[in-house]
Amino acid sequence: MHVRIRSCSLVFAGLILGAAMLGGCRQHDAAPQPGVAEVTVVTLKPQTVTIRRELPGRTTAYLIAEVRPQVNGIVKQRLFTEGALVRAGQALYQLDDATYRAEYGSAKANLAKAQAALVSTSMNAQRSAALAKVNVLSKQDNDNVHATWKQAEADVAAAQAALQSSAVVLGYARIVAPINGRIGKSSVTQGALVTANQPTALATVQQIDPLYVDITQSSHEMLQLRQQLANGALKETDDAPVKILLEDGSTYTHDGRLQFADVTVDPSTGSFSLRVVVPNPDGLLLPGMYVRAVLDKGVNPNGLLVPQQGITHDPKGDAIAMVIGKDSKVEQRKVHVSHALGDQWLVQDGLAPGDQVIVEGLQKIQPGVLVHATELAASASVAPHGA
């Protein structure tokens, strides 16, 4: 009796198990139901964003002076080392000045002769005046003596001027540095003949501390920046330092300062020039080097930054973003971005603080789809305050 009951129980259990398996198979074979898509989002938060612009430039000497002779002569001696630092007034070349010394000596002698004649005519004028008072000498003769005296004074003045002129010419035979700076190679050697106002410079002295960096910026970008400053989208940065990036990508030790912006746009390129003054105490920067300057153009105190993968473009080329709207459904927003800052876009219009922008899983969604959002980890998102 017990055996029969147990057998029936086993048969009943087997039927239940078989039905469950059959039901499972039928459920597996059925079409899948649409589920909730998993996406990753970034919640927008306003932050202070500095708009930086990296522009190409070339270094230029702060002062440039070409050394040229002002008198004719043979180079007797070169008095500097090529490539060395020189001081203003330091002797660079000595010309053969024998002729100029002789002319200076002659002018000096003429001055002495004129001065001696002045002494004689001065004494005659004094005696003549005394005789004229007692009517021993006529007035006309006295006037003639005084005229001779005045002529002697003029001769002395002329001789002094001639001496000074000779001294200047003699001084030009010793060519000196016009400014402080580093001097380049010499174009002449000892024994060469040089002439006054010759077209070829003997050498060039350049002051490279400080040093200029001349950079260019498009006029279109300048107008856009001014509009943003005018409507309050950006605030101007006063006297912000300018960082210099060298050719190897490294950052130069000393920051520069923007000195001025040119008032003329180059019609061939549509750009205008900016000039930055950069300290160069170690002489690392040399004129003509290619560098890049990073300038702060303005500050947006309530900027919204969106990772670039969260901004796509429609067939018309308009920038769009997918955001999570009501009931956790996807909404498409048309946005306007103004600047690329690192791997992010600065949004001007179309998004607001608190919006959740989808940055991962975009290929799985479309407007109106129900999604489940996960916030992007902070370590996976770079949020620069400028670029």
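Our subject is the structure listed above.
Everything numeric in this text was worked out from a predicted model, so none of it was measured. (Residues numbered from 1 in each chain as written. Predicted model: local features only at pLDDT ≥ 70, side-chain atom pairs only at ≥ 80, totals over all residues. Heavy atoms only, no water.)

The residue Tyr252 is located in the loop between strand E10 (243–245) and strand E11 (257–261) in this model. Of the residues examined, Tyr252 reaches a relative accessible area of 5% and is grouped as buried. For the pair Tyr252 and Leu284, spaced 32 residues apart in the sequence, the C-alpha separation amounts to 9.1 Å. Ignoring anything within four residues of it in the chain, the contact list for Tyr252 reads Ile244, Leu246, Val278, Pro279, Asn280, Pro281, Leu284 and Leu285. (Helix = DSSP H or I, 4+ residues; strand = E, 2+ residues; numbered from the N terminus. Buried < 20%, exposed > 50% of the residue type's maximum accessible area, 1.4 Å probe, protein only. Contact = heavy atoms within 4.5 Å.)

As for its placement among the helices and strands, Pro281 is situated in the loop between strand E12 (271–278) and strand E13 (290–307). The partly exposed category is assigned to Pro281, whose relative accessible area is 47%. For the pair Pro281 and Ile208, spaced 73 residues apart in the sequence, the C-alpha separation amounts to 8.5 Å. In this structure Pro281 touches Asp209, Tyr252 and His254, once residues within four positions along its chain are discounted.

With that settled, the discussion passes to the nonpolar core. Of all hydrophobic cores here, the largest spans 21 residues; its most connected members are Leu92, Tyr93, Leu95, Ile183 and Leu202. The set of elements that each furnish at least two residues to this core consists of strand E2 (47–67), strand E5 (91–95) and strand E9 (203–218). With 3 residues, the single largest contributor to this core is E5. The contacts of Leu92, once residues within four sequence positions are left out, are Val67, Gln77, Arg78, Leu79, Phe80, Val86, Ile175, Val176, Ala177 and Ile183. Grouped together as the second largest cluster of nonpolar side chains are 18 residues, Ile208, Ile215, Tyr252 and Leu295 included. (Core = buried A, V, L, I, M, F, W, Y, C linked by side-chain atoms within 4.5 Å.)

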